[in-house]
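Reading the structure
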Amino acid sequence: MVQQVLVAPDKFKGSLTAAEVAARVSAGLGVPTVELPVADGGDGTVDAAVAGGFSRVTIEVTGPTGERIPASYAWQDAGATAVVELAEASGLRRLPGGHEPLTATSHGTGELIADAVRRGAKRVVLGLGGSACTDGGAGMAQALGARLLDADGNDLPRGGAALKGLARIDLSGFVDVSGVEFVVASDVDNPLLGPHGAAAVYGPQKGATPDDVRTLEAGLSRMAAVATATHGLMGAVEHDDTPRAMGVAGAPGAGAAGGVGFAALAFLHAELRPGIGYLLDLLGFGELVRDARLVITGEGSLDEQSLRGKAPVGVARAAAEAGVPVVAVCGRRTLTDDELRAAGIEAAYALTDLEPDPERCMAEAGPLLERLAARLAAVHLQGD
């Protein structure tokens, strides 16, 4: 069997999707390739699953600010598996007019999950990343049938700020998910509360001021405490009006996507799995890499964040298990050769090697990437 080159990149954010990156690299190499666009659970996860053989299901859901928007999830009949990407329905890119940290909701993500369950899903993979909300997954839970009530029995409005008034969680109308396996694909390990929690760490990235962060922290604390007191969930405890993260609220990943990780653990009994590793398994990377002589991965920026479990490093680790060498392409790189080799990447080729102007790199990413792939082939695929 002729060994092929496996092209498994993530997106170049702002310029090319993962599928477009794979196609451009393949065109520039001039040798037989297998294209497998990948993602780590954030933006582009549904696209990667569709490129890997899943079908796309598009429905109308509630966006982060309450407007109705079309959003998609990926579906595979074999195994009745759905891949739901939070960024599709509740992501920052869905905000029409700037950040709304206090009122943004995860409701649309719950609607995507509910549709997949109605379709007969036996497994739902929830990719968390790029969220606009810090609502502890309250909106997601509401879309799945939970009622979040204030002291007068009224339903709370959307958003994390409203959670300060939470008195009771009514799960009597919650959708039946007893036969569904839920997996959260995320590399975020933050707890729900505290200085490393959802509000403190990620709130400012979503436009939250210091006062907003305090408001959101109080709301998340209240949600976790009420979940514990009224439903026996291991969420948080309060003593002398001081919330303390315990159990689910203190679990690594509970703070992912503004606390949606907490709701997935608490209400869906989800299992947390490393994003890129799990999604590579789901897309069949292990089978494809066995027939490869070289793997080409990449993303828009190879930097310090890449070393924290992002897609290229996850691909390199998986390829190393099969003994297949890995090289990377990117828009720009700040990692040294030693850092790359320590991550399992033999070499990296950046668009800025060809065009130093970042704006032109973004605008002409496709043609530049083909040229970059030809340069890569001359070094790593000699004799073909």
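Cut-offs used in this document
- Residues numbered from 1 in each chain as written.
- Predicted model: local features only at pLDDT ≥ 70, side-chain atom pairs only at ≥ 80, totals over all residues.
- Heavy atoms only, no water.
- Helix = DSSP H or I, 4+ residues; strand = E, 2+ residues; numbered from the N terminus.
- Buried < 20%, exposed > 50% of the residue type's maximum accessible area, 1.4 Å probe, protein only.
- Contact = heavy atoms within 4.5 Å.
- Phe/Tyr/Trp six-rings, centres within 6.5 Å; stacked < 30°, edge-to-face > 60°.
- Lys NZ or Arg CZ within 6 Å of the ring centre and 35° of its normal.
- Pairing = 2+ DSSP bridges.
- Axes fitted to C-alpha atoms, helices over the stretch in contact; angles between N-to-C directions.
- Salt bridge = Lys/Arg side-chain N within 4 Å of Asp/Glu carboxyl O.

The next point concerns the overall build of the protein chain. When you go through the protein chain residue by residue, the secondary structure sums to 15 helices and 15 strands. When the backbone C-alpha atoms are referred to their principal axes, the protein chain occupies close to 75 × 45 × 35 Å. The buried share of the protein chain, taken over its 384 residues, is 55%. Once local pairs closer than 6 in sequence are excluded, the contacts in the protein chain between residues at least 24 apart make up 70%.

This paragraph deals with the packing of aromatic side chains. Under the counting rule described, the total for this entry stands at one aromatic pair. Geometrically, the ring pair formed by Phe 174 and Phe 267 is tilted, given 6.5 Å between the ring centres and 45° between the ring planes. Of this pair, Phe 174 sits in the loop between strand S8 (168–170) and strand S9 (181–185) while Phe 267 sits in helix H9 (residues 256–268), and the two are 93 residues apart along the sequence. Residue Phe 174 shares its accessibility class with Phe 267, and that shared class is buried. The ring of Trp 75 carries the charged tip of Arg 119 above its face, separated from the ring centre by 5.7 Å.

The strand order across the open sheet built from six strands is S3-S4-S5-S6-S9-S12, with neighbouring strands paired in mixed fashion. Since the sheet does not close on itself, it has two edges, and those belong to strand S3 (55–62) and strand S12 (271–273), each with one partner. For this sheet the average axis-to-axis angle between neighbouring strands, irrespective of direction, equals 30°. As defined by bridge partners, strand S6 (residues 123–127) adjoins S9 across five bridges and the pair is classed as parallel. Of the residues in S9, the one forming a bridge with Val 124 is Phe 182. Along the sheet, helix H10 (residues 275–283) contacts strand S5 (81–85), S6, S9 and S12; its crossing angle with S6, the most-contacted strand, is approximately 140°.

This paragraph deals with the pattern of salt bridges. One pass over the structure, following the stated rule, counts 18 salt bridges. For the salt bridge of Asp 10 with Lys 11, the shortest nitrogen-to-oxygen distance reads 3.8 Å. Under the relative-accessibility criterion, Asp 10 is labelled buried at 3%. Two residues, Glu 88 and Arg 93, come together in a salt bridge whose shortest N-O distance is 2.9 Å. Glu 88 sits in the buried class, given a relative accessible area of 11%. Taking relative accessible area as the criterion, Arg 93 reaches 46% and is therefore assigned partly exposed. Through salt bridges with shared partners, a single ionic network connects Asp 43, Glu 85, Glu 88, Arg 93 and Arg 94.

This brings us to the sheet that holds strand S15 (residues 347–350). Read from one edge of the open sheet, five strands run S2-S1-S13-S14-S15, paired in parallel fashion. The open sheet has two edge strands with one neighbour each: strand S2 (33–35) and S15. Strand after strand, the sheet turns through a mean of 25° between neighbouring axes, direction not considered. The sheet contact formed by strand S13 (residues 292–302) and strand S14 (residues 326–333) spans seven bridges and is parallel. When the bridges of S14 are listed, Leu 302 appears paired with Arg 333.

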